[in-house]
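Chain by chain, the residues:
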Amino acid sequence: FLEFLPPQIGLLTSITRLRASSNRLQELPAELGNLSSMTELGVSNNQLTQLPPIGHLTALRTLVVANNPLLFPPDAVVRKGTLAVINYLKVFHDAGGAPMELVERGEESVSSFHALVEEGVATGSLSLRAKLLLEVPDMLAEHLPRMEHVNLESNRISELPPQLLASMTNLRTLNVSYNQIGRISDNVSLLTRLELLDARYNMLTSFPPSLAHLSLLKLFLNSNELRSLPACISSLHSLLLFSAANNTIRDIA
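Residues numbered from 1 in each chain as written. Predicted model: local features only at pLDDT ≥ 70, side-chain atom pairs only at ≥ 80, totals over all residues. Heavy atoms only, no water.

Q: For the overall build of the protein, give the residues involved together with the corresponding values.
A: Looking only at helices and strands, one finds five helices and 11 strands in the protein. On C-alpha atoms alone, the protein measures out to a radius of gyration of 24 Å, which is more than a quarter above the 18 Å that the 2.2 N^0.38 rule sets for 253 residues. For the protein, the C-alpha atoms occupy an extent of roughly 70 × 40 × 30 Å along the three principal directions. Here the protein holds 253 residues, and the buried ones make up 45% of them. A separation of at least 24 residues holds for 26% of the contacts in the protein among residues at least 6 apart in sequence. Surface exposure of the protein reaches about 13,000 Å², of which carbon and sulfur atoms provide 51%. Taking the average place of the 19 positive charges on the side chains of the protein and the average place of its 23 negative ones, the gap between the two points comes to 5 Å. (Helix = DSSP H or I, 4+ residues; strand = E, 2+ residues; numbered from the N terminus. Rg over C-alpha atoms; globule rule 2.2 N^0.38 Å. Buried < 20%, exposed > 50% of the residue type's maximum accessible area, 1.4 Å probe, protein only. Contact = heavy atoms within 4.5 Å. Areas by Shrake-Rupley, 256 points an atom, 1.4 Å probe, with all protein chains shown as cover. Lys, Arg positive; Asp, Glu negative; His and termini not counted. Charge placed at Lys NZ, Arg CZ, Asp CG, Glu CD.)

Q: How would you explain helix H4 (residues 107-123) if you had to name every residue and give the values?
A: Here H4 contains 17 residues, and its C-alpha end-to-end distance of 24 Å stays within 8% of the 24 Å for a straight helix at 1.5 Å per residue. Within the sequence span of H4, burial applies to Ser-109, Val-110, Phe-113, His-114, Val-117 and Gly-120. Down the axis of H4, the buried side of the element spans an arc of 135 degrees, and every buried residue falls inside it. Of the residues in H4, the exposed ones pointing more than 90 degrees away from the buried face are Glu-108, Glu-118, Ala-122 and Thr-123. If you follow the buried residues of H4, they end up packed against helix H2 (82-94), helix H3 (100-103) and strand E4 (125-127). (Expected span 1.5 Å × (residues − 1). Arc of directions from axis to C-beta.)

Q: Could you give an account of the pattern of salt bridges, with specific residues and numbers?
A: Enumeration according to the criterion identifies eight salt bridges in this entry. In this structure, Glu-40 and Arg-17 form a salt bridge, with 3.8 Å as the shortest nitrogen-oxygen distance. Linking Glu-40 in strand E2 (residues 40-42) with Arg-17 in strand E1 (residues 17-19), this pair joins segments that are 23 residues apart in sequence. Judged by its relative accessible area of 15%, Glu-40 is buried. In this structure, Asp-75 and Arg-79 form a salt bridge, with 2.3 Å as the shortest nitrogen-oxygen distance. Judged by its relative accessible area of 45%, Asp-75 falls in the partly exposed class. Judged by its relative accessible area of 62%, Arg-79 is exposed. A single salt-bridge network, built from bridges that share partners, covers Arg-17, Arg-19 and Glu-40. (Salt bridge = Lys/Arg side-chain N within 4 Å of Asp/Glu carboxyl O.)

Q: Which residues make up the nonpolar core, and what values do they have?
A: Counting residues in each nonpolar core, the largest one holds 71 residues, and the members touching the most others are Ile-54, Leu-211, Leu-216 and Leu-219. Every element with two or more residues in this core is listed here: H2, H3, H4 and helix H5 (162-167). Sequence-distant contacts of Leu-211, defined by excluding residues within four places in its chain, comprise Leu-197, Leu-216, Leu-219, Cys-232, Ile-233 and Leu-236. (Core = buried A, V, L, I, M, F, W, Y, C linked by side-chain atoms within 4.5 Å.)

Q: Give a detailed account of the side chain of Asn-202, specifying residues and quantitative values.
A: Mapping Asn-202 onto the fold places it in the loop between strand E7 (196-198) and strand E8 (218-220). A distance of 3.0 Å separates a polar side-chain atom of Asn-202 from the backbone oxygen of Val-176. One polar contact links the side chain of Asn-202 to the main-chain amide nitrogen of Ile-181, over a distance of 3.0 Å. The residues touching Asn-202, leaving out its near neighbours within four places in the chain, are Val-176, Ser-177, Tyr-178, Asn-179, Gln-180, Ile-181, Ser-223 and Asn-224. (Polar contact = N/O pair within 3.5 Å; in protein donor to acceptor, adjacent residues only side chain to side chain.)

Q: Break down the sheet that holds E4 for me, citing the residues and quoting the values.
A: Read across the sheet, six strands follow the order E4-E5-E6-E7-E8-E10 without closing on themselves; strand pairing throughout is parallel. At either margin of the open sheet sits one strand with a lone partner, and together these are E4 and strand E10 (241-243). Recorded for the sheet is a direction-independent mean angle of 5 degrees between the axes of neighbouring strands. Pairing between strand E5 (residues 149-151) and strand E6 (residues 173-175): three bridges, direction parallel. Paired with His-149 across the two strands is Thr-173, which belongs to E6. (Pairing = 2+ DSSP bridges. Axes fitted to C-alpha atoms, helices over the stretch in contact; angles between N-to-C directions.)

That's the geometry; what it means functionally is another story.
Have a look at this one:
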């Protein structure tokens, strides 16, 4: 039983059929993407959890991947057949770091995402409102330090990674309303230029004391799960507008 295919297989550029079914393969080498003449790839009955970057193999017409514990591409794509899988992998390869939830919606969604990022880089104002994001895309890390305004409203984000918060030191406004965020890390204190924080309609149960180090002008915490008002609010001497309506606040922490 084969347990792996050597990367040198990518040198066999004239090969048209590769059959490696019923083995113990756990992964396939990325070099399979070099086999531009391949029309058939059979790797059923193995232990594969993902397929390599073969989305640009335009000659590939038959792809047999049954009976593998595949996680990528998702089963819904695999069931549609070879062309659907190839197109999915092509879009993913060309996605340039766009989140998977947009890749699954097709090239138009990916292109729109990159256009918005490019606009944000040019203007310092990034809006990814209502893009069905499950998390803040990692590829934004290199751009966030230059951003002054970030809008992530109306997504399904559950966390603001501390390392990303720490990088947004030029940020003046941050809108993360209408998400599923349960907590905000102490790194929020590093956003020393932040003037507006909109975190309405999330799942916040508390707020970090480090918030007191900011010079916020506006803070919106409406419709969360707060049971007490953060004591650090009293230290926000620059605050002009504060709202925490539709919480179950009973006291000040």
